[in-house]
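Each chain is listed here by its residues.
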Amino acid sequence: MAREIETKCIHLEKEEGGTDHYGAISYPIYQTATYAHMGVGRSTGYDYSRLQNPTRERLEKIVAALENGVDALALSSGMAAITLMMELFVPGDHLIVDSDLYGGSIRLFDNVSVKNGITFSVIDCCKDNVEDHINQNTRAIFLETPTNPMMNVADIRVLSETARKYNLLLIVDNTFLSPYFQNPLDLGADIVVHSGTKYLGGHNDTLAGFLVTNRGDMSEKFRFLIKTTGAGLSPFDSWLILRGIKTLGIRMQKAQENAMEIANWLKKQKAVKRVIYPGLPEHPGYGTMKSQSRGFGAMLTFQLESREYALAVLEKVRMIRFAESLGGAETLITYPITQTHADVPEEIREKNGITDTTLRLSAGIENAKDLLEELDNVFHEIEGEKGGGKKS
Ligand code: PLP
């Protein structure tokens, strides 16, 4: 019987005998670089921790199960995962990438992948016709959905049909929803990427990244690459992410509830010109999200009446912290233009609508009442200072 996702976060379908670890309920941290052989040609299955480590392997099996993949690789950060994934391509290869991506991915493509001879077409995967951009060297489509930070929603099923037709890989960065709310492999993607730093870890205390695939050939390539390039996640960080994943379900549910409350509150503020949260029925991606995801997530973006107002919000928040990153217990607010998306070329930022009035909020799991009270105080203070009023 297939287990439900909350159970998969805690138990593997086939548990090893508990006696292997003295019955330890919390999986042990195998803090070792190397492993003794029982004799010549008699390995325990573990030779060297760059290749295999039991704690990392346990985490990889759990993440593969959560994404319904055949294999998952745990890397030292989300960017390490994307960098390793780019090793699938050779000079001359062409990729189609969505224009609204985490700024670090854009920086990697523009500065490292291009130097390595890869070419890119940057398009809007939610609106543009992908087929118009495919050429004989095209190998893959890479996107996030919802996107960071503008929360655009792409139809994974439709894109996977195009990918199949032209024999392209469909690669989806699923960081924003986590496997709790969305499983791109089930919708036709070939590779799923995660910044495990975010919801999977869930506590803003460590970095991690994942590549998950349901293809045996990709798994083999990735296993060769992790062994060769050496960016595998350390045993201790693997354990932290294992611990974080145990509560993924309840965290995602609570953070989503909070995001919905905050989105509805923001909509009522006179100084807020636009609230972009795919859980609001007026969001253009609402229908697609309902058909391909089990939730809307806990990330939202909003635009204020002026740059000064946006900066004042960042200056005045106290319990809500002004910090990069997302997906942890703590609610964080980010200024994409100078933080996560500072390295995105200006014309792309402008095209995507990332302005100096745009703030991104990652709802945490605090009590919603306290979050709304904090926001209310911040907005009141700003209004008081400029002598304005709120929407009636
Ligand atoms: N993908 C997305 C959507 C992200 O938001 C981030 C980081 O913010 C990354 C990838 C990179 O992950 P990391 O910071 O763990 O390297």
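Because the structure is predicted, anything quoted here is derived from the model rather than measured.

Enquirer: I tried to follow the pattern of salt bridges on my own but got confused; where do I start?
Expert: Close approach of charged atoms lets side chains of opposite charge pair. Using the criterion set out here, one finds 17 salt bridges in the structure. For Glu282, the salt bridge goes to Lys267, with nearest N and O atoms at 2.9 Å. Residue Glu282 is found in the loop between strand S8 (272-276) and helix H10 (286-292), and its partner Lys267 is found in helix H9 (residues 248-267); the two are separated by 15 residues along the sequence. In this structure Lys267 comes out as partly exposed when scored by relative accessible area, which is 35%. Close ionic contact of Lys316 with Glu385 constitutes a salt bridge, the shortest N to O distance being 2.8 Å. Of this pair, Lys316 sits in helix H11 (residues 307-316) while Glu385 sits in helix H13 (residues 368-386); the two residues are 69 residues apart in sequence, bridging distant segments of the chain. Assessed through its relative accessible area of 16%, Lys316 is described here as buried. Residue classification places Glu385 among the exposed residues on the basis of a relative accessible area of 60%. Put simply, Arg56, Glu60, Asp71 and Arg223 are held in one network by salt bridges that share partners.

Enquirer: What is the right way to look at the sheet that holds strand S10 (residues 321-322) in this model?
Expert: Sheet strands pair by backbone hydrogen bonding; their relative direction is either parallel or antiparallel. Spatial ordering of the open sheet is given by S8-S9-S12-S11-S10, a layout of five strands whose pairing is mixed. Whereas interior strands pair on both sides, the edge strands pair on one side only; in this sheet they are S8 and S10. Here two bridges tie S10 to strand S11 (residues 332-334), and the two strands are oriented parallel to one another. Each bridged residue has a counterpart across the sheet, and for Phe322 the counterpart in S11 is Ile333.

Enquirer: Looking at this model, I keep getting lost on the sheet that holds strand S3 (residues 119-123). Mind explaining?
Expert: Strand order in the open sheet formed by seven strands is S1-S7-S6-S5-S4-S2-S3, with mixed pairing between adjacent strands. Because the sheet does not close on itself, it has two edges, and the strands there are strand S1 (71-75) and S3. Across the sheet, the axes of successive neighbouring strands diverge by a mean angle of 20°, strand direction being ignored. Against the sheet, helix H7 (residues 216-229) makes contact with S1, strand S5 (169-173), strand S6 (191-195) and strand S7 (209-213), and its axis sits at roughly 25° relative to S1, the strand it touches most.

Enquirer: In this structure, what is going on with the site of the ligand? I would like to understand it.
Expert: Taken together, 13 residues form the shell around the ligand, and within it Gly78, Met79, Asp173, Ser195 and Thr197 come nearest. Residue Met79 places a main-chain N or O atom 2.8 Å away from an oxygen atom belonging to the ligand. Here an oxygen atom of the ligand sits 3.0 Å away from a polar atom, N or O, in the side chain of Lys198. Compared with its free state, where it exposes 390 Å², the ligand has 93% of that area covered by protein. The class makeup of the residues in the shell around the ligand is four nonpolar, six polar and three charged.

Enquirer: I'm lost on the packing of aromatic side chains in this one. Help?
Expert: Aromatic ring pairs are described here by two measures, namely the spacing of the ring centres and the angle between the planes. With the rule as written, the count across this model stands at nine aromatic pairs. Judged by centre distance (5.7 Å) and plane angle (50°), the rings of Tyr309 and Phe379 are tilted. Note that Tyr309 is positioned in helix H11 and Phe379 in helix H13, a separation of 70 residues in sequence. The same class applies to Tyr309 as to Phe379, namely buried.

What counts, and where the lines are drawn
- Residues numbered from 1 in each chain as written.
- Predicted model: local features only at pLDDT ≥ 70, side-chain atom pairs only at ≥ 80, totals over all residues.
- Heavy atoms only, no water.
- Salt bridge = Lys/Arg side-chain N within 4 Å of Asp/Glu carboxyl O.
- Helix = DSSP H or I, 4+ residues; strand = E, 2+ residues; numbered from the N terminus.
- Buried < 20%, exposed > 50% of the residue type's maximum accessible area, 1.4 Å probe, protein only.
- Pairing = 2+ DSSP bridges.
- Axes fitted to C-alpha atoms, helices over the stretch in contact; angles between N-to-C directions.
- Contact = heavy atoms within 4.5 Å.
- Near = heavy atom within 4 Å.
- Polar contact = N/O pair within 3.5 Å; in protein donor to acceptor, adjacent residues only side chain to side chain.
- Areas by Shrake-Rupley, 256 points an atom, 1.4 Å probe, with all protein chains shown as cover.
- Nonpolar A, V, L, I, M, F, W, Y, C, P; charged D, E, K, R; others polar.
- Phe/Tyr/Trp six-rings, centres within 6.5 Å; stacked < 30°, edge-to-face > 60°.

Interpretation note: all reported values are geometric properties and have no functional meaning in isolation.
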